[in-house]
Amino acid sequence: MNSFGIILSIVLSIPVVASAQANPSHSSERLSMPSLPITANPRVIAFAHLTPDAYTHVSTRSVVADGEPVSLTRYERSDGRGAGLGGEHFSLVVSDAGVLKGFTRMDISMVDGPLPSREHARETALRFLQEEAPDLLQRMEISWIKPHDEIIQTTREGRPATVTLTAMKVKARNLVDGRWFWVIVGADNSIMVFERDIVWVTFPGHRKTEKWLHDAWLVERARKQR
């Protein structure tokens, strides 16, 4: 087990969790991740190897996606840079059955460099699926491959900054159940986003599956619950 797996094992045994470290340089402009209860789901540990270096566990909580219990786990940079919702983070969703439903890696290290070609992005996505979600390879159909942008807030040279991360999105459909999935390959050829089992409502045309990996959705959801 790597160091992050060890850290996560320790944290999961603690009854309470601290809130994310705020970045004092722009705390007034940022929403911090709330303190959340720990969910003792050892299945999350199986995917600790996906966590990037210099990130530490912030929270794990039980949520529901399409009626299925899942665990939402969030990591943020150990140096506090870009902390809080909307900032730099690594989050993943794992079902109680032990299936990796998805993860997102928002880090400014992915902001520079040329995008992979569509063919290279396809090959990288297929290799990732073979390792982490081989069942999706059985009957899949790639819909399209094209650039995709994600916007995050962080600190650069001591000042608040809005950064756009551009990567190549490989969007596909699982022909077994009709649900969608995608792998988004970053400029450094690492995986920026993976999501699977996404239910799409054709009419009027919107995503039905909850967006637990999307900070903007989390913020809007919290606003509506006030």
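Details of the structure are given in the entry above.
Residues numbered from 1 in each chain as written. Predicted model: local features only at pLDDT ≥ 70, side-chain atom pairs only at ≥ 80, totals over all residues. Heavy atoms only, no water.

Undergrad: How would you summarise empty space enclosed by the protein if you had to cite specific residues and measurements?
TA: Empty pockets left among the atoms are what a rolling probe the size of a water molecule brings to light. Counted according to the given criterion, the structure contains four cavities of 30 Å³ or more. Looking at the largest cavity, its volume works out to about 160 Å³. The wall of the largest cavity is formed by 18 residues, among which A65, V93, K101, T209 and E210 lie closest to the centre. If you list the elements that add at least two residues to the lining of the largest cavity, you get β2 (68-77), β4 (100-106) and β8 (191-198). With four residues, the top contributor of residues to the lining of the largest cavity is β8. Taken together, the residues of the lining of the largest cavity break down into six nonpolar, two polar and ten charged. (1 Å grid on protein atoms, 1.4 Å probe; cavity = no way out; pocket = protein on both sides within 12 Å on 5 of 7 lines; lining within 4 Å. Points joined across faces, edges and corners; volume = space filled by probe spheres on them. Helix = DSSP H or I, 4+ residues; strand = E, 2+ residues; numbered from the N terminus. Nonpolar A, V, L, I, M, F, W, Y, C, P; charged D, E, K, R; others polar.)

Undergrad: Run through the sheet that holds strand β6 (residues 159-174), naming residues and quoting values.
TA: Reading across the sheet, the eight strands line up as β1-β2-β3-β4-β8-β7-β6-β5 and stay open at both edges, with antiparallel pairing between neighbours. A single partner strand is all that each edge strand has here, and the edge strands are β1 (55-65) and β5 (140-156). Geometrically, the sheet is characterised by an average inter-axis angle of 20 degrees between neighbouring strands, direction not taken into account. Bridge count between β2 and strand β3 (residues 89-95): six bridges; the pairing is antiparallel. Looking at the pairing, Y75 lines up with F90 of β3. Packed on one face of the sheet, helix α2 (residues 118-132) meets β4, β5, β6, β7 (180-185) and β8 and runs near 90 degrees to β5. (Pairing = 2+ DSSP bridges. Axes fitted to C-alpha atoms, helices over the stretch in contact; angles between N-to-C directions. Contact = heavy atoms within 4.5 Å.)

Undergrad: So, the packing of aromatic side chains: which residues are in play, and what are the values?
TA: Per the stated rule, a full pass over the model turns up six aromatic pairs. With centroids separated by 6.5 Å and ring planes inclined at 55 degrees, the aromatic side chains of F103 and F194 adopt a geometry described as tilted. Of this pair, F103 sits in strand β4 while F194 sits in strand β8, and the two are 91 residues apart along the sequence. Classification of F194 by relative accessible area gives buried; the value is 0%. (Phe/Tyr/Trp six-rings, centres within 6.5 Å; stacked < 30°, edge-to-face > 60°. Buried < 20%, exposed > 50% of the residue type's maximum accessible area, 1.4 Å probe, protein only.)

Undergrad: Give me the layout of surface pockets: which residues, what numbers.
TA: In this structure, the largest pocket encloses a volume near 400 Å³. Lining the largest pocket we find 22 residues, and of these H148, E150, E195, L213 and H214 sit closest to its centre. Every element with two or more residues in the lining of the largest pocket is listed here: β4, β5, β6, β7, β8 and α3 (215-224). Tallying contributions element by element places β5 first for the lining of the largest pocket, with four residues. When grouped by side-chain class, the residues that make up the lining of the largest pocket number ten nonpolar, five polar and seven charged.

Undergrad: Let's hear about the environment of V44: which residues, and what values?
TA: In this fold, V44 is placed in the loop between α1 (3-12) and β1. Given a relative accessible area of 2%, V44 falls into the buried group. Once the C-alpha coordinates of V44 and S95 are considered, the two residues, 51 residues apart in sequence, prove to be 8.8 Å apart.

Undergrad: How would you summarise the pairing of β2 if you had to cite specific residues and measurements?
TA: For β2, the tally of buried residues reaches eight of ten residues, placing the bulk of the element in the interior. One ladder, built from ten bridges, connects β1 with β2; its direction is antiparallel. The partner of S59 across the bridge, within β2, is R74. What sits between β1 and β2 in their antiparallel hairpin is a turn of two residues, with D66 showing a positive phi close to 50 degrees.

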